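What follows is the residue order along each chain.
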Amino acid sequence: MEHIAALLLVIGCSNTMADCRELQVPVSVFATADQCVAERPFALDDVKGQAEHIVAKCLAVDPALEDDYDQVVWKVSPDGRLDASLEISNAVVASNMTRPEKDYLSQQ
């Protein structure tokens, strides 16, 4: 299994930088940070014209936390600077594996 070392985040914004959204690129995960940096200009070419302003950043992925990351948090400042990070939410999921003896659909 190959580990992910970097994630390429590409954001497209309006002319005023007020409305921004993530843009999809053909390849967004990389085995090395150098591969991500090398692919960045090509990814920007791929999304050219999808927004007035486009910014991109390679985010480092900690291999020990690779499966735990569940959020990409980002913000584009009015001057066009992209601040972004991978985060782990504090959500806890609980389940109960025991089954009730009665079928809830037939109970009254």
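In this report, we go over the structure that sits alongside the text.

1. Regarding the overall build of the chain
- Of regular secondary structure, the chain possesses one helix and six strands.
- Ordering the α and β elements of the chain from the N terminus gives β-β-β-α-β-β-β.
- Here the chain holds 108 residues, and the buried ones make up 25% of them.
- A separation of at least 24 residues holds for 57% of the contacts in the chain among residues at least 6 apart in sequence.
- Entry remark: accessible area of the chain is about 8,000 Å², with carbon and sulfur atoms responsible for 51%.

2. Some details on unusual backbone geometry
- The phi dihedral of Met17 falls on the positive side, at around 70 degrees, and the residue is not glycine.
- When you line up the elements, Met17 lands in the loop between β1 (6-13) and β2 (20-22).

3. Details of the state of the cysteines
- Following the criterion strictly, the structure yields two disulfides and no others.
- Note on cysteine connectivity: Cys13 is disulfide-linked to Cys20, with sulfurs 2.1 Å apart. Disulfide Cys13 to Cys20: torsion about the S-S bond roughly 110 degrees, handedness right-handed.
- Here Cys13 falls in the buried class, since its relative accessible area comes to 3%.
- There is a disulfide in this structure between Cys36 and Cys58, and the S-S distance comes to 2.1 Å. Taking the torsion about the sulfur-sulfur bond, which here is approximately -100 degrees, the covalent link between Cys36 and Cys58 counts as left-handed. With Cys36 in helix α1 (residues 33-46) and Cys58 in strand β4 (residues 53-60), this residue pair connects regions lying 22 residues apart in the sequence.
- Since its relative accessible area comes to 0%, Cys36 is described here as buried.

4. Some points on the nonpolar core
- Counting residues in each nonpolar core, the largest one holds 12 residues, listed as Leu7, Leu9, Ile11, Cys13, Met17, Val55, Leu59, Val61, Val76, Leu82, Ala84 and Leu86.
- Sorting the residues of this core by element identifies β1, β4 and β6 (82-87) as the ones contributing at least two each.
- Looking at this core element by element, the count peaks at four residues for β1.
- Setting aside residues up to four positions removed in sequence, Leu82 forms contacts with Leu9, Ile11, Val55, Ala56, Lys57, Trp74, Lys75 and Val76.
- Ala6, Leu8, Val25 and Cys36 belong to the second-largest nonpolar core, a separate cluster that totals 10 residues.

5. Regarding the pattern of salt bridges
- Summed over the entire model, instances satisfying the criterion amount to one salt bridge.
- A salt bridge links Asp83 to Arg81; the nearest nitrogen and oxygen atoms lie 3.1 Å apart.
- What makes Arg81 partly exposed here is its relative accessible area of 47%.

6. Concerning the side chain of Ser14
- Its location among the elements puts Ser14 in the loop between β1 and β2.
- In this structure the side chain of Ser14 is engaged in a polar contact, spanning 3.4 Å, whose partner is the backbone nitrogen of Ala18.
- When near neighbours in sequence (up to four residues on either side) are disregarded, Ser14 contacts Asp19, Glu52 and His53.

About the criteria used
- Residues numbered from 1 in each chain as written.
- Predicted model: local features only at pLDDT ≥ 70, side-chain atom pairs only at ≥ 80, totals over all residues.
- Heavy atoms only, no water.
- Helix = DSSP H or I, 4+ residues; strand = E, 2+ residues; numbered from the N terminus.
- Buried < 20%, exposed > 50% of the residue type's maximum accessible area, 1.4 Å probe, protein only.
- Contact = heavy atoms within 4.5 Å.
- Areas by Shrake-Rupley, 256 points an atom, 1.4 Å probe, with all protein chains shown as cover.
- Disulfide = S-S within 2.5 Å.
- Core = buried A, V, L, I, M, F, W, Y, C linked by side-chain atoms within 4.5 Å.
- Salt bridge = Lys/Arg side-chain N within 4 Å of Asp/Glu carboxyl O.
- Polar contact = N/O pair within 3.5 Å; in protein donor to acceptor, adjacent residues only side chain to side chain.

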